[in-house]
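# Reading the structure
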Amino acid sequence: MMTGEQLREVMVEAGGEVDAALDLDTFLDAELDSLGYDSLALLQTEALLKNRYGVIVPDGAIAELGRARDLLTLANDRLAASVPEG
């Protein structure tokens, strides 16, 4: 399971524009574009999620998300789907 803090670390590395003064809940509830994430930063976020956590995001899915919290939910759903039952 990915935490909000882990997602924020990935997104800061990918885009670097997140205001450090934002508390975690404010960050997670912010619209991605209001955080300064353009399409290139979102692609970098997607690549880091895959390389660091094994989260494979379907093409174009991040661009359709509104908030960082939506991305966290998507990442955790993808992680849960990849864990074998048993």
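Refer to the structure presented above.
My aim in this report is to walk through the structure given alongside it, one point at a time. All of these numbers come straight from a predicted model, not from anything done at the bench.

## Observations regarding the nonpolar core
- Counting residues in each nonpolar core, the largest one holds 25 residues, and the members touching the most others are Met 2, Leu 7, Met 11, Leu 49, Val 57, Ala 68 and Leu 71.
- For this core, the secondary structure elements donating two or more residues are α1 (4-15), α2 (24-29), α3 (39-53), α4 (61-64) and α5 (68-82).

## Points about the pattern of salt bridges
- The final tally for this structure, using the stated rule, is six salt bridges.
- Linked through salt bridges whose partners overlap, the residues forming this network are Asp 25, Asp 29, Arg 67, Arg 69 and Asp 70.

## Re the side chain of Glu 46
- Note on placement: Glu 46 falls in helix α3.
- Of the side chains with opposite charge, Lys 50 comes closest to the buried, unpaired Glu 46, at an N-O distance of 8.0 Å.
- If we ignore the near neighbours within four places in the chain, the residues touching Glu 46 are Val 57, Asp 59 and Ile 62.

## Topic: α5
- The first and last C-alpha atoms of α5 sit 21 Å apart over 15 residues, in line with the 21 Å expected at 1.5 Å per residue.
- Looking at α5, one finds that the buried residues are Ala 68, Leu 71, Leu 72, Leu 74, Ala 75, Asn 76 and Leu 79.
- Where the residues of α5 are buried, they touch α1, α2, α3 and α4.

## Some words on the packing of aromatic side chains
- Scanning the model with the defined rule gives zero aromatic pairs in all.
- Over the ring of Phe 27 we find Arg 8, and its NZ or CZ is 5.7 Å from the ring centre.

## Notes on the side chain of Thr 45
- With respect to the helices and strands, the residue Thr 45 is situated in helix α3.
- Not counting the four nearest positions on each side in its chain, Thr 45 is found in contact with Val 10, Met 11, Ala 14, Tyr 37 and Leu 71.

## Comments concerning the packing of α1 against α3
- As a packed pair, α1 and α3 sit with axes 8 Å apart at the nearest point and diverge in direction by 130°. Here α1 is positioned oblique relative to α3, judged by the angle of their axes. Relative to α3, the crossing made by α1 is right-handed. Residues Gln 6, Leu 7, Val 10, Met 11, Glu 13, Ala 14 and Gly 15 of α1 form the contact with α3, whose participating residues are Ala 41, Gln 44, Thr 45, Leu 48, Leu 49, Arg 52 and Tyr 53.
- Split by residue class, the contact of α1 with α3 holds eight nonpolar, four polar and two charged.

How each quantity is defined
Residues numbered from 1 in each chain as written. Predicted model: local features only at pLDDT ≥ 70, side-chain atom pairs only at ≥ 80, totals over all residues. Heavy atoms only, no water. Core = buried A, V, L, I, M, F, W, Y, C linked by side-chain atoms within 4.5 Å. Buried < 20%, exposed > 50% of the residue type's maximum accessible area, 1.4 Å probe, protein only. Helix = DSSP H or I, 4+ residues; strand = E, 2+ residues; numbered from the N terminus. Salt bridge = Lys/Arg side-chain N within 4 Å of Asp/Glu carboxyl O. Lys, Arg positive; Asp, Glu negative; His and termini not counted. Contact = heavy atoms within 4.5 Å. Expected span 1.5 Å × (residues − 1). Phe/Tyr/Trp six-rings, centres within 6.5 Å; stacked < 30°, edge-to-face > 60°. Lys NZ or Arg CZ within 6 Å of the ring centre and 35° of its normal. Axes fitted to C-alpha atoms, helices over the stretch in contact; angles between N-to-C directions. Parallel < 35°, antiparallel > 145°, perpendicular 65-115°, else oblique. Left-handed = near helix turned anticlockwise from the far one by under 90°. Nonpolar A, V, L, I, M, F, W, Y, C, P; charged D, E, K, R; others polar.

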